[in-house]
Amino acid sequence: MEQSRSRVVVITGGSRGIGRSVAFRFGEEGARIVLAHYDADDSAAQETLDTLNRRGITAEAHKVDVSSFGFVDQWFKEIFKRFERVDVLINNAGITRDTLLMRMNEGDWDAVLGVNLKGVFNCTRAVIRPMIKERRGRIINISSVVGQIGNAGQANYAASKAGVMGLTKTTAREVAGRGITVNGVAPGFIDTEMTAVLSDRVKEEFLRQIPMGRMGTPDEVAEAVYWLCSEAASYITGQIIHVNGGMYM
Ligand SMILES: NC(=O)c1ccc[n+]([C@@H]2O[C@H](COP(=O)([O-])OP(=O)(O)OC[C@H]3O[C@@H](n4cnc5c(N)ncnc54)[C@H](O)[C@@H]3O)[C@@H](O)[C@H]2O)c1
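So, here is what we can say about the structure in this document. Just so it is clear, the model here is predicted, and its values are computed rather than measured.

## So, the site of the ligand
Moving on, step 1. What surrounds the ligand is a group of 30 residues, the closest being Ser15, Asp39, Asn92, Tyr157 and Thr192.
Moving on, step 2. Between Ser15 and the ligand, the recorded distance is 2.7 Å, taken from a side-chain N or O atom to an oxygen atom.
Moving on, step 3. Side-chain polar atom of Asp39 to an oxygen atom of the ligand: 2.5 Å apart, as the coordinates give it.
Moving on, step 4. Applying the majority rule of atoms within 2 Å of the grid points places the ligand in the largest pocket.
Moving on, step 5. When contributions to the shell around the ligand are tallied by element, the ones reaching two or more residues are α1 (17-27), α6 (155-175) and α7 (193-196).
Moving on, step 6. Sorting elements by how many residues they give to the shell around the ligand places α7 first, with three residues.
Moving on, step 7. Split into classes, the residues belonging to the shell around the ligand amount to 13 nonpolar, 12 polar and five charged.

Right under this line is the structure:
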């Protein structure tokens, strides 16, 4: 990928956690960054923007619910009007609503599938035609190790993340001839707000399953994401790269 003009990079769920680390990583190359988040307040997004701006990076953040086809479509129309193109889309926004399947209600299912799977469709749908026209682009979908191996208490989440893998491979096949690569990154157990809420017992159980014996950091995920978007990964598409300390091999 041509690096001479600064890339326009859209990151969903970019206010904190993995999305924030991905934004910082792209900031290092001087990319122009547009973040979406859906936090109750703007403080995390503002902190991310302040850090990027201090480093001289052009960045903005918007509150957008990725599960809404209409809002996402409108948001991308604005982005294309102002930035003219999107070079990289990182579908990272994700939520959990964990409970055993026998207790899971329709709302738990719909909410998680809506953000984690339909959100990826919505954003990808919005960028794909313009990317095809440009005959270039990189799309990264953040899945999860749980989409591969399952996890008791996460039927909705595991289904959404397995769905992301199928969506990634299908999108990759559809646009491979148009200069666009589409890959998935499946993190294992990463130290963010999403995992901070887990009980010590659940954390210990996870750690027992990880050969490297520790949680991953958001930066370790961001490195894999960034590399897949680099020229070095030009012949890689339709792959799911696992970043999990050996939790799944
Ligand atoms: N933390 C982990 O251990 C782990 C493991 C595997 C996969 N993942 C995946 O990585 C991604 C990032 O996770 P994280 O740990 O950084 O989470 P996090 O909770 O720290 O951040 C989630 C981000 O998603 C945004 N978001 C939530 N709902 C949204 C919506 N409806 N529309 C737009 N944005 C929305 C939030 O505002 C926030 O910016 C998620 O897709 C998650 O499923 C995380």
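That was the structure; now back to the text.
## Quick word on the packing of α1 against helix α2 (residues 43-54)
Moving on, step 1. The contact between α1 and α2 brings their axes to 10 Å, and the two run at 15°. On the basis of the axis angle, α1 is roughly parallel to α2. Taken as a pair, α1 and α2 cross one another with a handedness that is right-handed. From α1, Arg20, Ala23, Phe24 and Gly27 reach across to α2, where they touch Ala44, Glu47, Thr48, Thr51 and Leu52.
Moving on, step 2. Taken together, the residues of the contact of α1 with α2 break down into four nonpolar, three polar and two charged.

Reading guide: rules and limits
- Residues numbered from 1 in each chain as written.
- Predicted model: local features only at pLDDT ≥ 70, side-chain atom pairs only at ≥ 80, totals over all residues.
- Heavy atoms only, no water.
- Near = heavy atom within 4 Å.
- Polar contact = N/O pair within 3.5 Å; in protein donor to acceptor, adjacent residues only side chain to side chain.
- 1 Å grid on protein atoms, 1.4 Å probe; cavity = no way out; pocket = protein on both sides within 12 Å on 5 of 7 lines; lining within 4 Å.
- Sits in = over half its atoms within 2 Å of the grid points.
- Helix = DSSP H or I, 4+ residues; strand = E, 2+ residues; numbered from the N terminus.
- Nonpolar A, V, L, I, M, F, W, Y, C, P; charged D, E, K, R; others polar.
- Axes fitted to C-alpha atoms, helices over the stretch in contact; angles between N-to-C directions.
- Parallel < 35°, antiparallel > 145°, perpendicular 65-115°, else oblique.
- Left-handed = near helix turned anticlockwise from the far one by under 90°.
- Contact = heavy atoms within 4.5 Å.

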